[in-house]
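The lines below spell out each chain.
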Amino acid sequence: MKLRWNYKDIIDLAYFQNRDADAEPDKLHQRDREIYREAFKDDSSLTDDQIIKTWLRKRTADEFPDETNRSPGRLFSDAHILARTLIIIAGVVSGMGAGLSFFHYSGTTPINVFQFLLVFVFSQILLTCFLISSLFIRKIRSKKGAPSFYRFFFGRLLKKGADLLARQWSRHLPGKKRLSFSHALGIVTSQGKLYGSLFYWIFFNLAQIFALSFNSGLLAATLLKISTNDLAFGWQSTLQFSAASLHKLISLLALPWSWFVPPSLAYPSLEQIEGSRILLKEGIYMLATENLVSWWPFLIFCLLFYGLFFRLLCYLAGKIMEKRVLNRNPWRSAASQRTVQRMTTPLFSTQAGPERKKLEEENHGLVSSAPSDNSRTYPQTVLVADDIAPLFPETKIQNLLRKHGFTPRRTTVFMADYDTDLKIVQELSEKNRDSQTGLFLLVEGWMVPLTDFLTYLQELRKSLPRETIITVGLVGRPSGTAFSPVTENEYAIWHKKINALGDPFLQLLALTPEKEK
């Protein structure tokens, strides 16, 4: 069964993964493996979705056990509810204020319907056209990799909101948690590659809620003034156009409701339009009352359709899109895969004697020398660097990668020459379309990552599905038929270079050398 994810879960997941980023791998493995065994007892039928959601609940319960100590996701959820409430109040109040101000009538001059249409109807039609065109532009630009409307406007708005939360709501958190909270919000607001349009729809729907509230207030004020005052409506303009032209315009505006509303209410007739024209030199005494009151039903229908009905459609469309994005596994990333691997892979040790005994005691005997058959593994296309390819026959690669939660499906040597590497990119783009099959690059970690290698990584990324996880596996210096472990300094250099690429589906892994027999 597919689990439901929400914004609270996504932010909390980013928060905990950020906290784990610099922790010792062995300690993380022990902690996450214990969480898995307590929850599932080595049940191998679970999906990654179920495993990562259980891990998230356990971490949240441990670190934020009560209402006084709320998680970053919970704070964001509370802020969202508060913002929605304030937006509704602000929309209704501003709508009623605008309506009451506009319909302030002294009784000497009829209300000019042109002004009403310009301020409350045409402006909303223009906003609607801008909204639709921006969605199309955003879709076209996103395919070309250019900055989207979301990043230009809503991205800035989200960042401002995140900064406000970090300043005002996280004051009670300890320094380390406060820093991680800020980092989590920073990750969410900056990693458009990972979360896509997920947070765009929050602001889109809040904007629609404000528009709905504003139009509700405006409609209420309009009905109140019409029912409690003797309002007169007319039209006048310096531009010399005929009543027939105006009749064509309003009949066009009334198309959405004129087919089911009686003609006398749908919009004024040509005679009523001619009879409500205001001429300064003649005054209003010659105008008939039935013509001056014939406009208000048309204006009410304009507010109902162009104000309320269309905004309601936009809001429902936004909620549907929000649900679709949340259903596309927004938790999926290289960091989530590492978490699942730590949970499902038994603790193992290449140590012997006292060190192994100590590890067994610390983990209640849950230490093995090799992963069990129940270990979760991910299928991989493996690329082995040409320099170390002779040290890694197929069986050795199988054993090495399986120990870290991967299953090699196909092995290819790369970095031999430019033409071969280019051919590999072309082959992967055709054959590796399944995002569930990852790409594993086996390289020497004692060598500094060169610009050519990083550029090649980016070329590989462009050729693969967006969510395909690329793993760079590091081995140390060759020694006979084996290799040494990667040092902390070597790993740190690679970690910095890989992180600089800003790819949430790219991960680095220091491979544990096998003990020579």
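This is a predicted model, so every value here is computed, not measured.

Q: Run through the sheet that holds strand β8 (residues 470-475), naming residues and quoting values.
A: Two pairing modes exist for strands in a sheet, parallel and antiparallel, and in both the strands are linked by backbone hydrogen bonds. Spatially, β6-β5-β7-β8-β11 is the arrangement adopted by the 5 strands of the open sheet, whose pairing is parallel. The two strands at the open ends of the sheet, each matched to only one other strand, are β6 (406-414) and β11 (506-510). Geometrically, the sheet is characterised by an average inter-axis angle of 25° between neighbouring strands, direction not taken into account. Of the strand pairs in this sheet, β8 and β11 are connected by 5 bridges, and their pairing is parallel. Bridge pairing in β11 links L474 to A510. Along the sheet, helix α21 (residues 488-499) contacts β7 (438-444), β8 and β11; its crossing angle with β11, the most-contacted strand, is approximately 175°.

Q: Can you explain the UniProt feature "transmembrane region" (unreviewed entry) in the protein chain? Please cite residues and give values.
A: Cross-referencing UniProt, the feature "transmembrane region" (unreviewed entry) maps to residues 81-104, 116-137, 209-227 and 295-318 in the present numbering. Strand forms 0% of residues 209-227 and helix 100%; the C-alpha atoms that close the span are 27 Å apart. Across residues 295-318, helical content stands at 96% and strand content at 0%; the span's end C-alpha atoms are separated by 33 Å.

Q: Please provide a residue-by-residue account of the environment of L460, values included.
A: Along the chain, the position of L460 falls in helix α20 (residues 451-463). L460 gets classed as buried once you look at its relative accessible area, which sits at 0%.

Q: Account for the nonpolar core, with residues named and values stated.
A: If you look at the biggest cluster of nonpolar residues, it comprises 73 residues, and the most contacted ones within it are F392, F414, L441, F453, L457 and V472. At 7 residues, helix α9 (residues 200-228) tops the list of elements feeding residues into this core. Apart from the residues within four sequence positions on either side, L457 is in contact with L441, I470, V472, I498, L501 and L506. Core analysis: the next-biggest nonpolar cluster, separate from the first, contains 34 residues, I111, L117, I273 and I300 among them.

Definitions and limits used
Residues numbered from 1 in each chain as written. Predicted model: local features only at pLDDT ≥ 70, side-chain atom pairs only at ≥ 80, totals over all residues. Heavy atoms only, no water. Pairing = 2+ DSSP bridges. Helix = DSSP H or I, 4+ residues; strand = E, 2+ residues; numbered from the N terminus. Axes fitted to C-alpha atoms, helices over the stretch in contact; angles between N-to-C directions. Contact = heavy atoms within 4.5 Å. UniProt positions renumbered as here; feature names shortened; annotations may be inferred. Buried < 20%, exposed > 50% of the residue type's maximum accessible area, 1.4 Å probe, protein only. Core = buried A, V, L, I, M, F, W, Y, C linked by side-chain atoms within 4.5 Å.

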